[in-house]
Structures are given as C-alpha cells and as structure tokens.
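# Coordinate analysis (summary)
As a plain string of letters, each chain reads:
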Amino acid sequence: MAYKGHRINPKGFEKSQIKIILLLLPLIIFMALPIVYIINHAFKPMEELFAFPPNFFVRNPTLDNFTALIKASRTAGIPMSRYVFNSLIITSVTIVLSLLFTTMAAFALSKIRFRAKYVLMDINQAAMMFVATAVLIPRYLVMTFTGTINTYVAHILPLLAVPVALFLVKQFVDQVPDSLLEAAYMDGASDRQVYTKIIIPMIKPAIATAAIMVFQQVWTNMETSNYFVNDDSLKTLTFYMNTLANANNTVAGQGMSAAAALIMFIPNLVLFILLQNNVMNTMATSGIK
Amino acid sequence: MSKKDKIAKKSSAKIKPGRLARREAITGLLFVTPWIIGACIFLAYTMGTSFWYALNNIRMTPMGKKFTYVGTGNFTQILLADVDFTPQLIEYVTSTVLSVPIIVVFALIIAMLLNGPIKFKGFFRLIFFLPVIVVSGPVMGMLADQGAATISTIDTQAITAAMSGFLPESMATAISELFGSMITVLWYSGVQILIFLSALQKIDSSMYEAAQMDGGSGWECFWKITLPTIKPMILLNVVYTIVFISGNEQNTIITLIQNSMFSGTKEKGYGYASAMAWLYSLVVVLIVVIFAALLMARKDVYERQVKKAKRDMKKEARLVKKIERRGIRNAKKIEKARKKRKYSTYDGSGDY
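On a predicted model such as this, the values are computed, not experimentally measured, just so you know.

## Some points on the overall build of chain B
A tally of helices and strands in chain B yields 17 helices and two strands. Evaluated residue by residue, chain B yields a buried proportion of 30% over its 352 residues. A separation threshold of at least 6 residues defines the contact pool for chain B, and within that pool the share at least 24 residues apart is 73%.

So, in structure tokens, the structure goes:
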C-alpha cells in the first residue's frame, strides 16, 4: 500500500518484510554490478586488465593507473584545471537554463490554453525520436552562422533543448490537479506566481530526475568538443580524458582510460547522492492526490 | 425551427475568443517562447536541413560542400543495395519490441516492491536507480567491450535450439540474445522504476482500504485499482524506453549512420547518412505509434455516448438541410417548367 510520510524507512522491522528483501537482494546485486566493476577496474594493474578470462574483482589493487594519468596530463600544454573549469561552467549553466526552459514550457504546454499547443507537442515528440547524429552538420552551420563557434556558447546551445526532459516533466505537470491552480488564480495569483509557487514545488521530483538526465548528457558529451570547438583551451574534461587515454599507446591507455572512467563517474555519483532525497521521495510528500 | 436545429446551429457556430482567453493564450506563448526559439533553431531547422541533405549526394571538397540532387536515390540505395542497414534494422525492431515490455514490467514489479513498507528502502531505491547514471555514459561502452554486460554462463545456443522447435529461426535467435543481454535490459529500467514509484505513491490509500473492506484480494486490487490508475505512466514509460533504446550509443544502427557519414566513398557521405537517419527515425516513430495505439486510454462510456449523440444530431441536421434545399430546388424547377409551358393549360396543380 502507498506509504505516506516524510521518512522513507519504516521504524520497525517486521517478519513480513523478509520475503520482499529476499526478492530484492539478488536483483540488487545485478544492479550494482556496473559500479562495482568501474571501481575495481580502475585499480587493476596492467596484467589484470588484460587477463583472459577477465576478472571482475581486482586482486592486487594499485594506483598505477592514476599516476600514469597525472603524469600524462603534466606533459600536456594546458593544465587540467582549465578543463575542469570549462566542464563545470558549461555543465552548470546548461543545467540551470535547460531546466528553467523545460519547466516553463511544460507548464504552458500542459496547463495554459493557446493556439498551436498540440502542434508544438508533436514537434517535440518527433524531435525526441530523431537521431541526434543526423543533425550534426546543420547544427554546425547554425553555429557558424550565428558566430558562436569556438565559444562556450557552442557547448551550451545545442544541449539546451532536451526533448525527453520536456516530455517527462510535462507528464508530471499534467498530474497536478487543475483545481489547485484554479484556487490559486481565484486568490489572485498571477501566472508567474502559479509557476513558481505551485508548479515548481510540486514537480520537484521530476525536476531532480530531469536534472540528473541533463547532467549526464552534458557531462559525458564529446560531440560539441569534437565538432564545434577548435580551441583546445575551451574543450571539456570528458574530451580531455578521452584523448589522454587514446593518444598514448593503447596498452598503457587501457589503464588510464579505466582510471579516467572512474574520475568521470564520481561527479555523477556525488550529484546523484545530493539529489537522491528529492528523487526518491517523489511525490509522497507533495500533497497531490 | 425545431429545438434540435437550434442546438445543431449553436454547436457549429464559431465562438470568438474573449479577452480573457486571448490573454491566457498570450501568457502561454510567452512561457514557451524560449523553448520555441531553441526548438526552431536546433530541432526544426536542423531536421528540415537534414531532410534536404537526404535528397542530395553531398561530397566534401576543398572548395566546400558539393550538392548533387538525387531525389529519392539515397533511400532506394539504402533499402535495396546496402548490405548492413536492413538486417540491422530488422534486428533492432525485434529486440526493441521484445525488450520494451520486459523493461516496463520489470520496472513495475520493482516499483511495487519498493513501494511497500520495508526496511532499508532508501538504500534499495538508491541501488536500483544507480545504473541510470552509468548506462548513458561512455562507461557503458567499456563495460560492454569487457563483456561485463552479458551473462556468459548462460548457453544461448541451447536456448536457441530449444526455441527453434516451435518458433521461426529469427525469432528464436532474438529471444536467446535477449537472455544473454538480460543484465543490460535490467540496467535500463532505472528511470522507469522512478516514474512508476511516483505514480504508485499518488494512489489514494483509502481506495485500497475500501476495496479490502469489500473483500477484494491483493490480486484484484492490482488489476482494478493500481493498473488503471497508473496507465498513463505505463504509456510514458514505454515511450521513454523506446526512445532510450533507439538513441543509445550502444545501438548498432547509430554507429552505422555515423560510419557512413564520415566514410569517403563516392556514393555514401553526409546525404546518405541523413537519408539513413530519416528512415531509422521513421521506424522508431512507427514502433512508438504501435505501442501507443495498444496502450492508449480508451474514452469512458459516457464520453463515447455523448460523442455519438452529437454525431447523430449533426447527421440529422444535415439531412433536414438537405431536404429543405431539395424542396427549394424542386420548387424552382416546377416554376421554370410552368413558365416554359406558359400557354399550356397545365398549371401543375393536376387539374385542367
């Protein structure tokens, strides 16, 4: 049955829970595999990386991969901090702006009546299913036309409109009852107030989920660095990590790429743990029935 | 005029929007404007351009792009001459159609388990959502390369052999491959679990209480309360899953498109890749439409009846109008005929 309350975990432990926990445990192991693997892989010494059949767990953990990575980054012309800075700026700006646009558009498309609403929604749906790679060159042309090639904007603009996020958030806004909005309008709230005071707090879980998704997309994106930016000092950390692992010889690169994967993964994990309370609580506490 | 006529006329008359409605429309548009601008430039325009590219053969020369208009040449070539595209597309369609229900059902089961009052619930939820932040990155590619994403111990050959007894060969291979990549399938279900959880938590618990008071079992509660309530979310999840699988970097067709985009051969190149992308997107849209049609919420009985009554009313009004018009026309005809036979003794009344 639906469990209501601020705390996720029940206070007591009952015998009836055992069967559910027994059911969940094997699945948990499956689900946790990739994370365990990434962490283990990064600490594997060279001979274990190439062992066949591959081992899942590390036997003799070393930090060799990390030291190799740092050594390689020292020899490069541009310091690593520059790439970290680039990635941070790009990711944070993109997340904030795209979430703002997405929630605004979702509110309007879901709750306000105006012409062409359904056409817009259809366009979004079509865009969602379109292959992103196919629009690479048109995008490049737009970039050159607007003169945003080789700037931070080139990283941010193409990722601002995330059709999947809009689709997801709109579904959640649809669930907000109209009567709630009507009550607010009756009390003299403006559209802006309804948006900030009702819609945003109510769809917080959806926003948190969308934030994680957008973060994923921006953080791991190499397309913009590859195609839209030529200046090396403006490229992102992901791109840098990838070149480091690939540029050196492939044997040594394997270990470095494993370490790089772990480093790239950690921000994901941190953000997720920060947001997880929001994501996990979902709508239980928001008072919608 | 009868009452029915009046109603019919009223419903067909155009209602002009008032000032309030207009204002609402303007605020609505204002809220979407930033999104529209972004979508126009980076989605609509680029998609249009890529369609134009699909109709051309594009060659990159030092002087810039060289366009040659080939019409549907690219498409026919892909469908008839490309050795990779069609088989991979078929494989993609079967694997998607098979794995989407599995992912959604798995997500629903997990969500229902997680929704109950169990200890360490927060921890469980965390673990089940964690794959989401792994599978979308380049890490997934590494995992797949290492073979960590497949169960190597399961003998897929045996499953294929067992299944080909009563299934066509291609289906059997697809299903056994699905068994092999079961872990990946489960990893893809993080967001879906979350969406289901939020839907489950919104179901009013008093509904279950009422059902239990009337002697409903848990099984019945699931079919009569849980499933109908979360139906829209099922559709959402299905669409999300299809889109996720289709746009994934692990997808072989995406790699194929990318490869042909940067291949220097004469007939391939950007136009060819665009055509491929359009074909592929069309197939994806088709899959989504089919699933959506299967799951689309049917309107309830009352609404259907109202619609039917309205339709009947319109039909009747049309009939009345038709008869009226015919009457006028006939009257005119008779008048004409009478004029023609001005001097005849017959005046149309039947008696001389």
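## Quick notes on the nonpolar core
Ranked by size, the top nonpolar core spans 123 residues in total, and within it A:Ala105, A:Val169, B:Phe196 and B:Ile242 carry the most contacts. Residues in contact with A:Val169, not counting those within four places in the same chain, are A:Thr102, A:Thr103, A:Ala106, A:Ile203, A:Ala206, A:Ile207 and A:Ala210. If you look at the next biggest cluster of nonpolar residues, it comprises 19 residues, including A:Phe239, A:Ala258, A:Ala260 and A:Leu262.

## A short note on the interface of chain A and chain B
Across the boundary between the two partners, chain A contributes 74 residues, which contact 80 residues of chain B. Taken together, the elements giving at least two residues each to the side of chain A that touches chain B come down to helix H1 (17–42), helix H4 (80–111), helix H5 (117–128), helix H6 (136–146), helix H8 (163–175), helix H11 (204–219) and helix H14 (250–281) of chain A. No other element matches H1(A), which puts 14 residues into the side of chain A that touches chain B. Looking at the side of chain A that touches chain B, its residues break down into 57 nonpolar, eleven polar and six charged.

## What to know about the packing of H5(A) against H8(A)
Residue and element names in this part refer to chain A. Remark: H5 packs on H8, axes separated minimally by 8 Å, with the N-to-C direction vectors making an angle of 130°. The angle between H5 and H8 falls in the class oblique. Handedness of the crossing formed by H5 with H8: left-handed. Residue-level contacts link Asn124, Ala127 and Met128 of H5 to Pro163, Val164, Leu166 and Phe167 of H8.

## Here's the deal with the packing of H4(A) against helix H10 (residues 191–202) of chain A
All names here are of chain A. Running from N to C, H4 and H10 cross one another at 95°; their axes reach a closest spacing of 11 Å. Comparing the axis directions of H4 and H10 gives the class roughly perpendicular. Each of Thr103, Met104 and Phe107 in H4 lies in contact with H10, whose residues at this interface are Tyr195, Ile199 and Ile200. When grouped by side-chain class, the residues that make up the contact of H4 with H10 number five nonpolar, one polar and no charged.

## Details of the confidence of the model for chain A
Residues shown with low pLDDT carry predicted positions that ought not to be read at fine detail. Residues and elements named next belong to chain A. Summing up the model confidence of chain A, the mean pLDDT is 78 and the portion of residues at 70 or higher is 84%. Looking at the elements of chain A, mean pLDDT is at its lowest for H14, recorded as 74, and at its highest for helix H9 (residues 178–186), recorded as 90. Scored below 50 in pLDDT, residues 1–8 shows 15 contacts in the model against residues more than four places distant or in partner chains. A low-confidence stretch, residues 283–289 (pLDDT under 50), is modelled with 16 contacts involving residues beyond four sequence positions or located in other chains.

## A short note on the confidence of the model for chain B
All names here are of chain B. With 75% of its residues at a pLDDT of at least 70, chain B reaches an overall mean of 77. When the elements of chain B are averaged for pLDDT, helix H1 (residues 3–12) gives the smallest value, 50, and helix H17 (residues 301–340) the largest, 90. Confidence metrics for the complex model read pTM 0.72 and ipTM 0.70.

## Thoughts on the environment of A:Arg74
Residues and elements named next belong to chain A. Within the secondary structure, Arg74 is located in helix H3 (residues 64–75). The exposed category is assigned to Arg74, around which 9 C-beta atoms lie within 10 Å. A sequence separation of 183 residues divides Arg74 from Ser257, and the C-alpha atoms of the two residues are 16 Å apart.

Cut-offs applied
- Here the residue index of a chain counts from 1 through its sequence in written order.
- The order in which chains are written sets their letters, starting at A; the order in which ligands are written sets their numbers, starting at 1.
- Only residues with pLDDT of at least 70 are given local features in this predicted model, and only at 80 or more are side-chain atom pairs given and counted; all residues enter the totals for whole chains, interfaces and linings.
- Helix and strand assignments follow DSSP, with helices taken as H or I runs no shorter than four residues and strands as E runs no shorter than two, numbered in order from the N terminus.
- In this scheme the burial state of a residue depends on its C-beta neighbours within 10 Å: 20 or more other such atoms mean buried, 12 or fewer mean exposed, and anything in between means partly exposed; the C-beta positions come from the backbone.
- Note on contacts: each residue gets a C-beta atom placed from the backbone, and two residues are in contact if those atoms are within 7 Å.
- Throughout this description, the term nonpolar core refers to a group of buried Ala, Val, Leu, Ile, Met, Phe, Trp, Tyr and Cys residues whose C-beta atoms join them within 7 Å.
- The classification used treats Ala, Val, Leu, Ile, Met, Phe, Trp, Tyr, Cys and Pro as nonpolar, Asp, Glu, Lys and Arg as charged, and all other residues, Gly among them, as polar.
- Fitted lines through C-alpha atoms serve as axes, helices being fitted only where they are in contact, and the angles separating the N-to-C directions of these axes extend from 0 to 180 degrees.
- Oblique is the label for every angle not falling under 35 degrees (roughly parallel), over 145 degrees (roughly antiparallel), or within 65 to 115 degrees (roughly perpendicular).
- By convention the crossing between two helices is left-handed if the near helix lies anticlockwise of the far one by an angle smaller than a right angle, and right-handed if it lies clockwise.
- Every residue gets a pLDDT, meaning the predictor's confidence in that residue, from 0 to 100.

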